[in-house]
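Notes for the structure review
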Amino acid sequence: MPKESSPFINNTDNDKGNLYDGKNMALFEEEMDSNPMVSSLLNKLANYTNLTQGVKEHEEADDDEGPAKTKKPVKPLPCTSDSYCLIIIMTKVIMTKQMAVVVTNSVPHCWSVAGGSYYMISRSLGPEFGGAVGLCFYLGTTFAGSMYILGTIEILLTYIVPSAAIFKAEKKEDEAEALLNNMRVYGTCCLTLMSLVVFVGVKYVNKLALVFLACVILSILAIYAGVIKTAFEPFFVCQIICLLGNRTLQNHNFDQCLKTMEVDNVTVTTKLWSLFCDSPDLNATCNEYFTLNNVTVIQGIPGLTSGVIRDNIWGDYGPNGMLVENKHQASEPAADTSQDIYMPYVANDITTFFTLLVGIYFPSVTGIMAGSNRSGDLRDAQKSIPIGTIMAIATTTFIYISSVILFGACIEGVVLRDKFGDSVKGNLVIGILAWPSPWVIVIGSFFSCCGAGLQSLTGAPRLLQAIARDGIVPFLQVFGHGKANGEPTWALLLTGGICEIGILIASLDAVAPILSMFFLMCYLFVNLACALQTLLRTPNWRPRFKFYHWALSFLGASLCLSLMFISSWYYALVAMLIAGCIYKYIEYRGAEKEWGDGINGLSLNAARYALIRLEEAPPHTKNWRPQMLLLLNLDSDHAVKHPRLLSFCTQLKAGKGLTIVGSVLEGTYMTKEAEVKKAEQNIKSSMTTERTKGFCHVVASSNLRDGFSHLIQTAGLGGMKHNTVLMAWPGTWKQSNDPVSWKNFIETVRETTAAHQALLVAKNVDSFPTNTDRLGQGTIDVWWVVHDGGLLMLLPFLLRQHKVWRKCKMRIFTVANMDDNSIQMKKDLQMFLYHLRLDAEVEVVEMCSLYDIWPPLLSGCVCGTGQHGPQIQSITDSSRSSIRRNNQTGASGSESGPSRELEDTQEDEVAQLIHDRNTASHAALNDKADAGPDRVHMTWTKDKFLTERNRNRAEANMGVRDIFNMKPNQSNVRRMHTAVKLNEVVVNKSQGAHLVLLNMPGPPKNRGGDENYMEFLEVLLEGLNRVLLVRGGGREVITIYS
């Protein structure tokens, strides 16, 4: 990936020579061309006069758009009641096709054994969707049983034996509550009886099914016979409706629709008079509306040729308590309407609107899956179910549509809106229309509801048993058991309990929308399953039913979703919430099942599409986040050596972005296959323990260096590749006699740099906090020495998003040279952090340069390997001793006064040590001929150096070379000085910090100095507990722009 063009990284300005004068930062001098000193760039960073890559183009793109185009307002489409009816019909037809497709692509026996539609959805969309929709379908079937039982009791108490009511209303306004209480009592008894029948055996239910079907067919034929008879004899049904003004009256307590009548030439009052007046006398005080309006009679069922369909074609909905009125009748309104609720008027018992009626009506079309749920009883289900379901839907669709039209053409509107038939003496309205007798409809409706209730109580427990046996919902497993013959006893008990809830609700109008939601959700996911399998071209998706297109599935799903919100938006939201909770529960606690579901195929397609999109362009700076490659070391048992590294990765990533955990085993894959798999299992187990979400990859390679190189180069896929490498510091490199460990480490650093990837190296990683730890008040200290893209700023922010580091404060330190304006640097850094919207304390640390104090000592050094190699080790050991002494002193002292004297003393010691070591080396090379004493004790000053240099020039013809020409490499000395001084400052400021983040110097270009490089890093990290060395990837990773 090419480096990002940036004003801060890879700066090629002509004035860069003036920017990199930090002679006391020699550890970073080889990379100054790409990673400038922070002190030299803070002014630009604070002002942010230059834009990072993508920002300028983003703003230019905004400018190119020009003024926003004015959109014309979109006019809403008209919506009528007919469109909703069309939605229901289309939903049925489309669902029929989906069922035909699904059934012809599966083994039907599995359907009946494993739960019918639940089996198809779970195997197509996965256990999470299958379990969620299956339980919703179960609840819908259970509440359907409640609805059918309530319908049975309503027919029984309203039309067959009204005298059997236990609760009777003394007042008119108490009639609705009394009816609900009666339905609760009788409904509970009916539920108990039906549950016993189902418990005894399904064979009895199957035998009764034929009787119930015969009753339904006879009822339908009786209705059509009555309609046909009204066409030839319009008034063969002489059913009189009594109106007062334009208000419909309840015809229970009077025989004649008259106020008064003549009996033996004497005017007497009627029973109707007594209902509106306080006495039967002609001079009694009567209701005002009764006094102002006359009573009239109309034919309740005028017949097919009467033309009432012109009035009934339009809706007439209203609130609860609205009186049912005939708009064509004259009426004188009364001033006082407060007593109307106590008068015998026909009124709405609920608030009516079309969408509510859709929800109430929809359960009549929920039998689409009846055939599939009983497919095990068919000889050739793949042939019978499509034909049978299509014919059944076609038949019922014809019956429903023709019935609606014929009822509207034959029956007066006020009678159609009379829910309980109060205007026709409490009779069933459709029963009055039927021929030869109303009892055909009453008995047929009663047994139809009984049969449907038994079918629901038979199917729902089996569906629950299938879900429980699949084991996807752990707490439901007890319901998978039953009797010896497989009957779901425990599931039947739960079904009866839930069904009782619907019966206690008691209102058909309240229960019907509930089951509509659950059925619609099931149909919605059946459509989605068909569309998904078709679009993904799943190899196993080979339905025999060919008259199908995926667009029909999406249309069906859209219609189902529309009907859910049309019927009742709040019930729809509750049903979706229940399904969502079940989905998340199964995802979190459910058993893992591999059913080859379509969601996996969808995930693969989505991943492929996303990877192709990601590869089109590199991520914008605003979207950059560390995509981690975590390099792990394994012990002899192939277990993870440093599991805390996984914890730290989890805390840094917080489950976002890419994490690849890799390791290398030495050898070939042919010989190490078993060990590779074992190592992968161990790593995955550790990832689970440490809550690290990502991928694991273990490779076998001839050597570790090549293996880690292959991982760095090839890990990831397409645009989803890592941009950051995280590894542990090789803490035992000095104790090991084999240099391979530290050489592999340095080569990994070089390869990440060459690959333009960021590098994070954690020292003392075993002391890092676990995911269960909660760090108290403390700090995350950032030592920002060179600017390499802003990764040092981003990492503490990401860490503080995790609960382990949330209470830690962020502190940023930067280093100033002697000629820098520290006060201005601090202001610039504070302004830069303000623009970045980062909350951190800022401190600028001044460091004097050993080069500035003793330039003669450091100016003439030549790098030596051979016998000079141990000299750096000697300098390191002496420096560490000095550091330990200074750390102990600095812990109780301040930076000024004695601390400054301590720094001067240390620098004197380093200079004297370098001189002494090289003087001895020089003497050994020249057989101690003219070299002077073995140890030269002197203190270096500038004047002494000038004198010495002049003396050397005067004695240039001497055979023995000048002792200063044999001193260690000038660069190595300056780097050691940087490590010593920077470590001293960091330890002094950040020894108590929870975590220290520090710029990681790059390795030397000359591989001969690799061991010295490791010594420099050791000195740099001396005395610090938790350290994270950070190297940028050569691009900006943080920006002030939102």
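These numbers come from a predicted model, not from an experiment.

Some points on the overall build of the protein
The helix and strand tally for the protein stands at 35 helices and 15 strands. Residues classed as buried in the protein amount to 51% of the 1042 residues present. Sequence separation of at least 24 residues holds for 80% of the intrachain contacts in the protein that already meet a minimum separation of 6. In the form shown here, the protein has an accessible surface area of approximately 49,500 Å², with 57% of it arising from carbon and sulfur atoms.

Points about the sheet that holds strand β10 (residues 758-763)
Spatially, β8-β7-β6-β9-β10-β15-β14-β11-β12-β13 is the arrangement adopted by the 10 strands of the open sheet, whose pairing is mixed. The sheet terminates laterally at β8 (695-701) and β13 (841-846), the two strands that pair on one side only. Here the strands of the sheet are splayed against their neighbours by 20 degrees on average, with no regard to which way each runs. Note that strand β9 (residues 724-728) and β10 share five bridges and pair parallel. Considered in β10, the bridge of leucine 726 is made with leucine 760.

Points about the environment of glutamine 991
Tracing the backbone through its elements, the reader meets glutamine 991 in the loop between α34 (970-990) and β14 (995-999). With a relative accessible area of 42%, glutamine 991 lands in the partly exposed category. Separated by 33 residues in sequence, glutamine 991 and leucine 1024 place their C-alpha atoms 6.0 Å apart. Residue contacts for glutamine 991: discarding those within four places in its chain leaves Val986 and Gly1023.

Describing the confidence of the model for the protein
In the predicted model, the protein carries a mean pLDDT of 77, and the fraction of residues at 70 or more is 75%. Across residues 1-22, confidence stays below pLDDT 50; counting only partners more than four residues off in sequence or on other chains, it has 49 contacts. In this model residues 48-84 is a low-confidence stretch, pLDDT under 50, and it forms 33 contacts with partners more than four residues away in sequence or in other chains.

Some words on the state of the cysteines
One pass over the full model with this rule turns up two disulfides. At a sulfur-sulfur separation of 1.9 Å, the disulfide partner of cysteine 242 is cysteine 257. One disulfide, between cysteine 242 and cysteine 257, carries an S-S torsion of 70 degrees and so falls in the right-handed class. Of this pair, cysteine 242 sits in strand β1 (residues 240-244) while cysteine 257 sits in the loop between β2 (247-248) and β3 (260-263), and the two are 15 residues apart along the sequence.

A few points about the nonpolar core
With 82 residues, the main nonpolar core has Ile149 and Tyr523 as its most contacted residues. Counting residues per element, this core draws most heavily on helix α6 (residues 117-160), at 19 residues. Beyond its immediate stretch of four places on either side in the chain, isoleucine 149 contacts Gly187, Cys190, Leu191, Met194, Cys499 and Ile503. If you look at the next biggest cluster of nonpolar residues, it comprises 56 residues, including Leu634, Leu829, Phe832 and Leu838.

Observations concerning the pattern of salt bridges
Under the criterion given, the structure shown has 21 salt bridges. The closest approach of N and O atoms between lysine 327 and glutamate 325, which form a salt bridge, is 3.6 Å. Between glutamate 673 and lysine 677 there is a salt bridge, and its shortest N-O distance comes to 3.2 Å. Residue glutamate 673 and its partner lysine 677 are both found in helix α24 (residues 669-689); the two are separated by four residues, about one turn of the helix.

Cut-off values and rules
Residues numbered from 1 in each chain as written. Predicted model: local features only at pLDDT ≥ 70, side-chain atom pairs only at ≥ 80, totals over all residues. Heavy atoms only, no water. Helix = DSSP H or I, 4+ residues; strand = E, 2+ residues; numbered from the N terminus. Buried < 20%, exposed > 50% of the residue type's maximum accessible area, 1.4 Å probe, protein only. Contact = heavy atoms within 4.5 Å. Areas by Shrake-Rupley, 256 points an atom, 1.4 Å probe, with all protein chains shown as cover. Pairing = 2+ DSSP bridges. Axes fitted to C-alpha atoms, helices over the stretch in contact; angles between N-to-C directions. pLDDT = per-residue confidence, 0-100. Disulfide = S-S within 2.5 Å. Core = buried A, V, L, I, M, F, W, Y, C linked by side-chain atoms within 4.5 Å. Salt bridge = Lys/Arg side-chain N within 4 Å of Asp/Glu carboxyl O.

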